[in-house]
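# Secondary and tertiary structure notes
One letter stands for each residue in the lines below.
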Number of protein chains: 2
Amino acid sequence: MPLEIPDVVIDRLPVYARALAALERSGREVVSSQELGTQLGVTPAQIRKDLSYFGRFGKQGRGYNVRRLMEELHQILGLDRKWTMVVVGVGQLGRAVLSYGGFAPQGFRIIEAFDADPAVIGQKVDDLIVKPVEQIRESLAGRPVDIGIVATPAAAAQKVIDALVECGVRAILNYAPIAAHVPAHVRVKDIDPVLSLQSMTFYLKNGAPPAGTA
Amino acid sequence: MPLEIPDVVIDRLPVYARALAALERSGREVVSSQELGTQLGVTPAQIRKDLSYFGRFGKQGRGYNVRRLMEELHQILGLDRKWTMVVVGVGQLGRAVLSYGGFAPQGFRIIEAFDADPAVIGQKVDDLIVKPVEQIRESLAGRPVDIGIVATPAAAAQKVIDALVECGVRAILNYAPIAAHVPAHVRVKDIDPVLSLQSMTFYLKNGAPPAGTA
DNA sequence: GTATGTGAACCACTTCACAGCA
DNA sequence: TGCTGTGAAGTGGTTCACATAC
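Predicted model, so just to flag it, every value in this text is computed and none were measured.

What follows is about the overall build of chain A. Secondary structure assignment for chain A yields eight helices and 11 strands. For chain A, the spread of C-alpha atoms along the three principal axes comes to 65 × 45 × 35 Å. Relative to its 214 residues, chain A shows a buried fraction of 46%. Of the contacts made within chain A by residues no fewer than 6 positions apart, 54% connect residues no fewer than 24 positions apart. Working note: accessible area of chain A is about 10400 Å², and carbon and sulfur atoms make up 52% of it. Here chain A contributes 24 positively and 22 negatively charged side chains, and the mean placements of these two sets differ by 7 Å.

Note on the identical chains: chain A maps onto chain B by a rotation of 180 degrees and an axial translation of 0.0 Å, with an RMSD of 0.0 Å. The operation mapping one copy onto its partner corresponds to a two-fold rotation axis. Among all residues of chain A, the minimum C-alpha distance to the rotation axis is found for Ala96(A), at 3.1 Å. Same-surface contact between copies: 100% of interface residues of chain A are shared with the interface of chain B.

Right, let's get into the sheet that holds strand E3 (residues 63–65) of chain A. Residues and elements named next belong to chain A. The three strands are arranged E1-E3-E2 in an open sheet whose pairing can be described as antiparallel. Of all the strands in the sheet, the pair left with one neighbour each is strand E1 (30–31) and strand E2 (58–59). Relative to E3, E1 runs antiparallel, the two sharing two bridges. Bridging from a neighbouring strand, Val30 pairs with Asn65 of E3.

With that settled, consider the domain arrangement of chain A. Looking at the assigned domains, one finds that chain A contains domain 1 (7–77) and domain 2 (83–195). Each of domain 1 of chain A and domain 2 of chain A has a C-alpha centre, and these two points are 32 Å apart.

Our focus in this paragraph is the protein's contact with DNA strand D. All names here are of chain A. As a matter of local geometry, DNA strand D sits amid 22 residues, with Ser33, Arg48, Arg56, Gly58 and Tyr64 nearest to it. Sugar and phosphate atoms represent 63% of those atoms of DNA strand D found within 4 Å of the protein. At 2.6 Å, a backbone N or O of Ser33 approaches a phosphate oxygen of DNA strand D. At 2.6 Å, a side-chain N or O of Tyr64 approaches a phosphate oxygen of DNA strand D.

Moving on to the interface of chain A and chain B. Counting from both sides, the interface comprises 68 residues of chain A and, opposite them, 69 residues of chain B. Seen at the junction of chain A and chain B, the total is two salt bridges. Between Arg18(A) and Asp192(B) there is a salt bridge, with its nearest N and O atoms 2.7 Å apart. For the interface between chain A and chain B, the tally reads 20 residue pairs in polar contact (both at pLDDT 80 or more). Where the side of chain A that touches chain B is concerned, the elements lending two or more residues are helix H1 (7–25), helix H2 (33–40), helix H4 (66–77), strand E4 (83–88), helix H5 (92–99), strand E10 (171–174), strand E11 (187–190) and helix H8 (193–205) of chain A. A per-element tally of the side of chain A that touches chain B places H8(A) first, with 13 residues. Tallied by class, residues from the side of chain A that touches chain B come to 39 nonpolar, 18 polar and 11 charged.

This next bit is on the pattern of salt bridges. Residue and element names in this part refer to chain A. Taken as a whole and judged by the stated rule, the model has 20 salt bridges over all chains. Notably, a salt bridge pairs Asp11 with Lys189, separated by 2.8 Å at the nearest N-O pair. Residue Asp11 is found in helix H1, and its partner Lys189 is found in strand E11; the two are separated by 178 residues along the sequence. Owing to a relative accessible area of 32%, Asp11 belongs among the partly exposed residues under this scheme. Taking the shortest distance from any N to any O, the salt bridge between Glu72 and Arg68 comes out at 3.1 Å. Here Arg68 and Glu72 lie together in helix H4, a separation of four residues that amounts to about one turn. Put simply, Glu112, Lys131 and Arg143 are held in one network by salt bridges that share partners.

Definitions and limits used
Residues numbered from 1 in each chain as written. Chains lettered and ligands numbered in written order. Predicted model: local features only at pLDDT ≥ 70, side-chain atom pairs only at ≥ 80, totals over all residues. Heavy atoms only, no water. Helix = DSSP H or I, 4+ residues; strand = E, 2+ residues; numbered from the N terminus. Buried < 20%, exposed > 50% of the residue type's maximum accessible area, 1.4 Å probe, protein only. Contact = heavy atoms within 4.5 Å. Areas by Shrake-Rupley, 256 points an atom, 1.4 Å probe, with all protein chains shown as cover. Lys, Arg positive; Asp, Glu negative; His and termini not counted. Charge placed at Lys NZ, Arg CZ, Asp CG, Glu CD. Least-squares fit on C-alpha atoms with pLDDT ≥ 70 in both. Pairing = 2+ DSSP bridges. Domains from an automatic or database assignment. Near = heavy atom within 4 Å. Polar contact = N/O pair within 3.5 Å; in protein donor to acceptor, adjacent residues only side chain to side chain. Salt bridge = Lys/Arg side-chain N within 4 Å of Asp/Glu carboxyl O. Nonpolar A, V, L, I, M, F, W, Y, C, P; charged D, E, K, R; others polar.

Shown next, in the form of structure tokens:
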């Protein structure tokens, strides 16, 4: 069914879903692509086209039922179920990830944490006992882990990723500053604030960006 | 000079710069676009085309001088100088940002931290005394701040962003889960791990992604 | 021989514009 | 009348392929 849907489209769906959730909380029952678009900084046509890959969710002359569309998107994205994650690397960054309160409410649960440092192994962080990296394979053997979060130093990251992939992990959230090499069936999303900063400085340095009004 | 360079190109330059820095540390003097490409998962043509927006940095038959190209990129991106930042929101996330060791070595210094919570205001976090959000304007008046980091709850974020923009901030690193509204001359980069997870689950749910070999 | 730099061809996503329906 | 859904047109970025230079 999901044949030839551009990745960019998939990336936008969670944004729509989040906006719809907010609208629903505020008691709104119907939205137009127009209104959703201005709220999110996306053109209405874009929204309609994106949704059209998956079905017809709106009513002409009226717009979209907020709750209905939200639920459809949740279903499409698999947000109507729980996902399990493991964190590898329990330094400052890994700790922040482990204690971040934003994952659980969205159905993303961290069930295991690993580190290479003997001083860290055995520590209890956010209700999890940190295990040694060497135990990734045995620890996850036969256990269904959906997503791996990599928060190790750059030098260790690729090996960790290899191990996770071997264990059947098919999605990786990568905080390490490397370009991960993974087989084609594995998805990687990089979180790299330094890269974000380093591209913005280009525009800071060169005055106004080439984007509309000054 | 930088007329009509696609944003995607600018986004890739820091990635190249980082890879070159690593090559330089390892003593490498020359690279081809071919080699750099396989290392980064980018086509060689892409790299050459990207660089061609800015000049001719290579030698035919040989490749690129690692140090030279790295320095050129640093110069283009403005990484050859220091940038100042302020953090707004000193909750868990803000603290993690403040104590993150990855910014300073790249020339990004946080010079001020703000929060709305009276219990947090006045606290010393990573050598900075947290100031009240209401003081953003007076605190930054006449002071050159380049980048604002927003780590507040969603509900507070837009107002904070407005204040920062008023103070002349032209680049924002946004950790809040909202679509920021800013004037055209202001750049925003969003860091949102939940959105990243929520788009990957689509592929988890739907088997192998439409991307090459299985 | 080898790898760059680049116009031209290609491809993918976005936007347009309108038919269709409530 | 108002807004969706969508083929068609348009735009922007990527890849090709080769002339050029070392």
